[in-house]
Amino acid sequence: MAAADRSSSIVEYFGGEAGYRCGYCKNVTGNLSHGMWAHSMTVQDYQDLIDRGWRRSGKYVYKPIMNQTCCPQYTIRCRPLHFQPSKSHKKVLKKMLKFLAKGDSSKVAGDVTEEPMDSHREDAVACSFVLKNDSDISQSELKPLSVEETERVETEDNNEEEEMKKGVTMKKVESEPPQTCVDKDSTGSGERSDSAKLVHTTPKPGKGADLSKPPCRKAKDIRKERKLHKLLQNQPHTLEGSPSQVEPQILLSQNSKSKANQPKSIEDFIFASLPDDATHQLEVRVVRSSPPSCQFKATFQESYQVYKRYQMAIHKDPPDKPTISQFTRFLCDSPLEAENPPSGPDCGYGSFHQQYWLEGKIIAVGVIDVLPYCVSSVYLYYDPDYTFLSLGVYSALREIAFTRQLHEKASELCYYYMGFYIHSCPKMRYKDILGFYLRSVSARNFFYQYPTEED
């Protein structure tokens, strides 16, 4: 598989005949996959494998046998160059900005604890991403109005129309004595209700407008005038004449159209300038995990402690289960060889940890692989004290922005892999409702890849 001008990959094939316990549906022998232990592997070889439905967990590389396994796992990827953040994405990004600027850690009503991980196998951990919070999606986007809500809205509209009609009638009969309107309840008993009494009195005659003062103007009109004045000042002089000769309405329409056609990108939120008196400062550092860099070694213990707290709080692991050896085998060891070609990204290719630093401490770590054509998300863990920031969704958006950044140096690197999607697994629903629109109009952002036995 490897080309002659680069090093070779060394793997030990295990086969895929025997079934074992599924970490998703808990079937004892229903999970069947091809598997091999990768002693070393080039990034190009792993890129070719991941394009054919393979996936790594530590140094173990596997591919589900799609027509036999209990839970078929489909490779899913995003096209970051065409990606546009949805309303729910912007909500998460704004929440982070607000927290950094003002230190606001208030939770949205109805928030629940995130369950940010795919289930993993007992023999070989096979999770690939982070489960995001369902509450990050607005409920109004997920379901239509109920019958009761629709009737309530229609009733309010009708009441408003009736009030307007009553107001017109009162003007016509100012000479008549005041009347008291009493609404009857739904039983038709005729009993009066204090909350239903509406007393209309004849309005007193006014003095009219004060001619010594300027007429009242709407704030909207004032803003338009200021905007027009600013446009006229910034308009460059032309041979035909001064900027004052330009039609004001044309300038306004052109300016509004240009802004309407340029929605905010992820970078507009992530790299937005904070005020000088910002409460917090967030920094994202990319450190090579295999072979471990000096920065990775220096922060290993702190990163492990975040992982341990995460496993105990989110996955309810006992304190003795998330050991250093398990953490190293699962999220630090990698068969990928580090490569730094001149035409590649500045960080090079291979396996990395994206560390999220807040006020001098690590609050989250995203495990990623940088390959010739993509950034592959492996795992994410975070400090449970910062669950309210929806770090699962936020880190995914940061990784999409990171892929765009790498693309500027390495033009062929233009995909973002999210791991597997399992349509029958409830814990995978975050990949369907996160806002990435797996089945909706934004199909250009994602695609399903159906591996075949020939692969």
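Computed from a predicted structure; not experimentally measured.

**Structural notes on the overall build of the protein**
Counting secondary structure elements, the protein contains 12 helices and 13 strands. Within the protein, the fraction of its 455 residues that count as buried is 43%. Sequence separation of at least 24 residues holds for 69% of the intrachain contacts in the protein that already meet a minimum separation of 6. Summed over its atoms, the accessible surface of the protein is roughly 25,700 Å², and 52% of this surface lies on carbon and sulfur atoms.

**Considerations on unusual backbone geometry**
The omega torsion of the bond from serine 290 to proline 291 falls at -10°, within 30 degrees of zero and hence cis. The phi angle at lysine 316 is positive, at roughly 60°, despite the residue not being glycine. Structurally, lysine 316 can be placed in the loop between helix 9 (300-314) and helix 10 (324-332). Not every positive phi belongs to a glycine, and serine 390 is a case in point at roughly 55°. In this structure serine 390 comes out as buried when scored by relative accessible area, which is 2%.

**Focus on helix 2 (residues 87-102)**
For helix 2, with 16 residues, the first-to-last C-alpha span of 22 Å sits near the 22 Å given by 1.5 Å per residue. Packing partners of the buried residues in helix 2 comprise helix 7 (266-270), strand 8 (282-290), strand 9 (350-358) and helix 11 (391-409). At the C-terminal side of helix 2, glycine 103 shows a positive phi close to 75°.

**Describing the sheet that holds strand 4 (residues 60-64)**
The 4 strands are arranged 1-2-4-3 in an open sheet whose pairing can be described as antiparallel. Unpaired on one side and paired on the other, strand 1 (10-15) and strand 3 (55-57) mark the two borders of the sheet. When strand polarity is set aside, the average angle formed by the axes of neighbouring strands in this sheet is 30°. In this structure, strand 1 lies alongside strand 2 (residues 33-40), joined through 5 bridges in antiparallel fashion. Residue tyrosine 13 lies in a different strand from strand 2, and its bridge partner there is methionine 36.

**Some words on the pairing of strand 5 (residues 74-78)**
Summarising burial for strand 5: 5 of the 5 residues are buried, a large majority. Of the two faces of strand 5, the one carrying Tyr74, Ile76 and Cys78 and the one carrying Thr75 and Arg77 are both buried. In terms of strand pairing, strand 5 meets strand 12 (residues 415-421) through 5 bridges, oriented antiparallel. Along strand 12, the bridge assignment pairs cysteine 78 with tyrosine 416.

**Description of a positive patch on the surface**
A grouping of Lys218, Lys220, Arg223, Lys224 and Lys227 is seen on the molecular surface, where their side chains present a positively charged patch. Mapped onto the secondary structure, lysine 224 falls in helix 5 (residues 219-234).

**Quick notes on the packing of helix 9 against helix 10**
Following both chains from N to C, one finds helix 9 and helix 10 inclined at 95°, their axes separated by 11 Å at the closest point. Taken together, the axis directions place helix 9 and helix 10 in an arrangement best described as roughly perpendicular. In this structure, helix 9 uses Phe300, Gln301, Ser303, Tyr304 and Tyr307 to contact helix 10, whose residues at the interface are Ile324, Gln326, Phe327, Thr328, Phe330, Leu331 and Cys332. A breakdown of the residues in the contact of helix 9 with helix 10 according to their chemical character gives 8 nonpolar, 4 polar and no charged.

**As for the confidence of the model for the protein**
Averaged over all residues, the pLDDT of the protein is 76; the fraction at 70 or higher stands at 63%. For residues 108-147, every residue scores under 50 in pLDDT, and the model assigns this stretch 112 contacts once sequence neighbours within four places are set aside. Segment residues 433-455 is flagged for pLDDT under 50; beyond a separation of four residues in sequence, or across chains, it makes 69 contacts in the model.

**Topic: the pattern of salt bridges**
Considering all chains together, one arrives at 6 salt bridges under this definition. With a closest N to O distance of 3.3 Å, arginine 285 and glutamate 283 form a salt bridge. For arginine 285, a relative accessible area of 34% corresponds to the partly exposed category.

**What to know about the packing of aromatic side chains**
What the rule picks out here adds up to 14 aromatic pairs. Ring centres of phenylalanine 296 and phenylalanine 300 lie 6.1 Å apart, and the angle between their planes is 65°; on these two criteria the pair is classed as edge-to-face. Grouping residues by exposure puts phenylalanine 296 and phenylalanine 300 together as buried. Aromatic rings pair up to connect Phe296, Phe300, Tyr304, Tyr307, Phe327 and Tyr381 into one cluster. One cation-aromatic arrangement involves lysine 264 over phenylalanine 269; the distance from NZ or CZ to the ring centre is 5.4 Å. Arginine 285 extends its terminal NZ or CZ atom over the ring of tryptophan 357, reaching a point 4.1 Å from the ring centre.

**Comments concerning the packing of helix 2 against helix 11**
Helix 11 packs onto helix 2 with a crossing angle of 100° between their chain directions and a minimal axis gap of 10 Å. The angle between helix 2 and helix 11 places the two elements in the roughly perpendicular class. Taking contact as the criterion, the partners of His89, Val92, Leu93 and Met96 in helix 2 are, on helix 11, Leu391, Val393, Tyr394 and Leu397.

**Things to note about the side chain of glutamine 311**
Summarising the element assignment, glutamine 311 is placed in helix 9. Residue classification places glutamine 311 among the buried residues on the basis of a relative accessible area of 2%. Residues within four places of glutamine 311 in sequence aside, it is in contact with Lys316, Asp317, Pro322 and Tyr379.

**What to know about the state of the cysteines**
For the coordinates displayed, the defined rule picks out 0 disulfides. Of all cysteine sulfurs in the structure, the one in cysteine 70 sits closest to cysteine 25, which takes part in no disulfide; the separation is 3.5 Å. A relative accessible area of 38% places cysteine 25 in the partly exposed class. Exposure remark for cysteine 70: the relative accessible area of 27% places this residue in the partly exposed category.

**Things to note about the environment of histidine 39**
For histidine 39, the position within the fold is in strand 2. Histidine 39 sits in the partly exposed class, given a relative accessible area of 43%. With 30 residues separating them along the chain, histidine 39 and serine 9 place their C-alpha atoms 7.7 Å apart. Those residues in contact with histidine 39, other than ones at most four positions away along the chain, are Ile10, Val11, Glu12 and Lys59. Only 3.4 Å separates the side chain of histidine 39 from the side chain of glutamate 12, close enough to count as a polar contact.

The rules behind these values
- Residues numbered from 1 in each chain as written.
- Predicted model: local features only at pLDDT ≥ 70, side-chain atom pairs only at ≥ 80, totals over all residues.
- Heavy atoms only, no water.
- Helix = DSSP H or I, 4+ residues; strand = E, 2+ residues; numbered from the N terminus.
- Buried < 20%, exposed > 50% of the residue type's maximum accessible area, 1.4 Å probe, protein only.
- Contact = heavy atoms within 4.5 Å.
- Areas by Shrake-Rupley, 256 points an atom, 1.4 Å probe, with all protein chains shown as cover.
- Expected span 1.5 Å × (residues − 1).
- Pairing = 2+ DSSP bridges.
- Axes fitted to C-alpha atoms, helices over the stretch in contact; angles between N-to-C directions.
- Patch = residues over 30% accessible without salt bridge, like charges linked within 9 Å, V, L, I, M, F, W, Y side chains within 5 Å.
- Salt bridge = Lys/Arg side-chain N within 4 Å of Asp/Glu carboxyl O.
- Lys, Arg positive; Asp, Glu negative; His and termini not counted.
- Charge placed at Lys NZ, Arg CZ, Asp CG, Glu CD.
- Parallel < 35°, antiparallel > 145°, perpendicular 65-115°, else oblique.
- Nonpolar A, V, L, I, M, F, W, Y, C, P; charged D, E, K, R; others polar.
- pLDDT = per-residue confidence, 0-100.
- Phe/Tyr/Trp six-rings, centres within 6.5 Å; stacked < 30°, edge-to-face > 60°.
- Lys NZ or Arg CZ within 6 Å of the ring centre and 35° of its normal.
- Disulfide = S-S within 2.5 Å.
- Polar contact = N/O pair within 3.5 Å; in protein donor to acceptor, adjacent residues only side chain to side chain.

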